[in-house]
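Residue-level structural notes
One letter stands for each residue in the lines below.
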Amino acid sequence: MTAVTARAHPNIALVKYWGKADTALNLPATGSLSMTLDVFPTTTTVTLAPDAAHDEVVLNGAVREGVVRDRVVRFLDIVREMAGSRTAAVVDSVNTVPSAAGLASSASGFAALAAAASRAYGLDLDRTALSRLARRGSGSAARSVIPGFAVWHAGSDEESFAEPLDAPDLAMVIAIVNSEEKAVSSRDAMKRTALTSPFYPAWVSSTTETLSAAVQASRDGDVERLGRITETNALRMHAVIQSCDPPVRYLSPVSVALFDLAESLRADGLPVYATADAGPNVVFLCRPKDADAVAAAARPLAETMIARPGPGVEVLA
Ligand code: PMV
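About the criteria used
- Residues numbered from 1 in each chain as written.
- Predicted model: local features only at pLDDT ≥ 70, side-chain atom pairs only at ≥ 80, totals over all residues.
- UniProt positions renumbered as here; feature names shortened; annotations may be inferred.
- Core = buried A, V, L, I, M, F, W, Y, C linked by C-beta atoms within 7 Å.
- Buried ≥ 20, exposed ≤ 12 C-beta atoms within 10 Å, placed from the backbone.
- Helix = DSSP H or I, 4+ residues; strand = E, 2+ residues; numbered from the N terminus.
- Contact = placed C-beta atoms within 7 Å.
- Axes fitted to C-alpha atoms, helices over the stretch in contact; angles between N-to-C directions.
- Parallel < 35°, antiparallel > 145°, perpendicular 65-115°, else oblique.
- Left-handed = near helix turned anticlockwise from the far one by under 90°.
- Nonpolar A, V, L, I, M, F, W, Y, C, P; charged D, E, K, R; others polar.
- Pairing = 2+ DSSP bridges.

The name given to the chain in an unreviewed UniProt entry is diphosphomevalonate decarboxylase, with Microbacterium galbinum as the source organism. Check the Sequence similarities (unreviewed entry) section of the UniProt entry for the chain; it says "Belongs to the diphosphomevalonate decarboxylase family."

Attention now moves to the nonpolar core. One finds Ala111, Met172, Val173 and Phe284 to be the most contacted residues of the largest nonpolar core, which totals 93 residues. The leading source of residues in this core is helix 2 (residues 105–120), at 10 residues. Ignoring any residue separated from it by four or fewer positions in sequence, one finds Met172 in contact with Ile12, Met35, Leu37, Val283, Phe284, Leu285 and Ala307.

Before going further, it helps to examine the packing of helix 8 (residues 253–267) against helix 9 (residues 291–298). Helix 9 packs onto helix 8 with a crossing angle of 130° between their chain directions and a minimal axis gap of 11 Å. In terms of orientation, helix 8 lies oblique with respect to helix 9. Crossing of helix 8 against helix 9: the hand is right-handed. Across from Leu258, Leu261 and Leu265 in helix 8, the residues of helix 9 making contact are Val294, Ala297 and Ala298. Broken down by class, the residue content of the contact of helix 8 with helix 9 amounts to six nonpolar, no polar and no charged.

The next subject is the sheet that holds strand 8 (residues 62–63). With mixed pairing, the six strands of this open sheet are ordered in space as 8-7-9-6-1-16. Every interior strand has two partners, whereas the edge strands, strand 8 and strand 16 (314–315), have only one. With six bridges joining them, strand 1 (residues 3–8) and strand 6 (residues 42–49) adopt antiparallel strand pairing. Note on strand 6: the bridge partner recorded for Ala3 is Thr47. Strand contacts of helix 1 (residues 66–83): strand 7 (56–59) and strand 9 (88–95), with the helix running at about 125° to strand 7, the strand carrying the most contacts.

Structure representation (structure tokens):
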């Protein structure tokens, strides 16, 4: 019986991915930049089941049907096609990130699944090929293959993978505002934004420029410049999301208060910058020595967790 276990961590984007150039191949409209975290790992075991007629998907101990299972089966089909196999599999995944609350559970989930499934079906993929494969499951998963800071390139199927980026020493303070499932998935909201927001073309062109500036700031080790770019890019993403029809709003009043907190801490001389993915949780970017002070300031508003750059995807056994 072939069983392979892999582990991956979520990542938080400093320059966001919001919009696809190709839905079938999951190619992004723009490149993006992220930090893979050292907290909230997903551990996934893929066991080949030659006698089974269908795949089985177990998430956090419960057998899953419907859209969650379909998404995993579609991903396994891609791996099976690459491997020339028709064998069914059991996927058993344990996710410690609050699922679907904008804390990138799909990123760690599909990065771990890509590593475990490709190995279980006998493929020997290098990191670039693994990042391309993980992208097919969830765009941001391409970045969770990479340790620490990563840039995920836009472009063709061949060109669109993530690779490591030099960055200054940074920490993230995660403020968990709400860990319930969000009402509109990032996939649906992305599609709606591209189809209905008059601001979408400006988001795409400005983010392309923003990414170059962020990569340069990161290579220069300029925390303040990288931080300012991060916060502006997050607010631009939420602005374009809120401008679609019907509108989607992921930020809650507490999220907005946390963005205000970053501004008031900066006014007090503490360089800290806020970002948020497709959910109400806010993530602060700061120097590691300032992380405790940022967490203490945020704690009256939300539960906090300090994260540092974490490992890329790893095959455990
Ligand atoms: O990977 P997806 O399809 O869940 O999209 C992720 C979108 C954001 O988290 C909002 C931004 C990003 O770059 O991670």
